[in-house]
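Here are the chains, one letter per residue:
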Amino acid sequence: MQRNFRPGAPKKQLEALFDDLLRHDGFGDLRVEIRLLKRGQKEVIIYCGKQYRYVVDVPPRDALAAVSASDPAQPP
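Let me begin by describing the structure that accompanies this report.

### Regarding the overall build of the chain
For step 1, the next point in the chain: Broken down by element type, the chain carries two helices and four strands.
For step 2, the next point in the chain: Starting at the N terminus and walking to the C terminus, you meet the elements of the chain as β-α-β-β-β-α.
For step 3, the next point in the chain: Counting over 76 residues, the chain shows a buried share of 17%.
For step 4, the next point in the chain: Just so you have it, the chain exposes about 6400 Å², and 55% of that area is on carbon and sulfur atoms.

Here it is, written out as structure tokens:
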């Protein structure tokens, strides 16, 4: 069974892994893949020694454009 995550979940995991790699005393490898799924979803796979898999719901493009246009914190 796949569990749907909010788009912020992979971002938090990516940030935590990046911080861990910076504190690590050796070599580190971090890779991200994003695959398009059906029904407005994307699969985010984060590789860093093991795999972290997320399925996130992605709003339609026009909804994303409206949110970014109304958010003053976003750079133009």
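### Section: the side chain of Gln41
For step 1, the next point in the chain: Its place among the elements puts Gln41 in strand E3 (residues 41-47).
For step 2, the next point in the chain: Gln41 gets classed as buried once you look at its relative accessible area, which sits at 13%.
For step 3, the next point in the chain: Side-chain polar atoms of Gln41 contact the side chain of Asp57, separated by 3.0 Å.

### A word on unusual backbone geometry
For step 1, the next point in the chain: At Arg39, a position not held by glycine, the phi torsion is positive, near 60°.
For step 2, the next point in the chain: Its place among the elements puts Arg39 in the loop between strand E2 (31-36) and E3.

### Some points on the pattern of salt bridges
For step 1, the next point in the chain: Tallied over the entire structure, the rule returns four salt bridges.
For step 2, the next point in the chain: In this structure, the salt-bridge partner of Glu33 is Arg31, at a minimum N-O distance of 2.8 Å.
For step 3, the next point in the chain: Residue Glu43 pairs with Arg53 through a salt bridge whose shortest N-O separation is 2.8 Å. Residue Glu43 is located in strand E3, and its partner Arg53 is located in strand E4 (residues 51-57); the two are separated by ten residues in the primary sequence.

### Topic: the side chain of Glu43
For step 1, the next point in the chain: For Glu43, a relative accessible area of 11% puts it in the buried group.
For step 2, the next point in the chain: At 2.8 Å, the side chain of Glu43 and the side chain of Arg53 are in polar contact.

The rules behind each value
- Residues numbered from 1 in each chain as written.
- Predicted model: local features only at pLDDT ≥ 70, side-chain atom pairs only at ≥ 80, totals over all residues.
- Heavy atoms only, no water.
- Helix = DSSP H or I, 4+ residues; strand = E, 2+ residues; numbered from the N terminus.
- Buried < 20%, exposed > 50% of the residue type's maximum accessible area, 1.4 Å probe, protein only.
- Areas by Shrake-Rupley, 256 points an atom, 1.4 Å probe, with all protein chains shown as cover.
- Polar contact = N/O pair within 3.5 Å; in protein donor to acceptor, adjacent residues only side chain to side chain.
- Salt bridge = Lys/Arg side-chain N within 4 Å of Asp/Glu carboxyl O.

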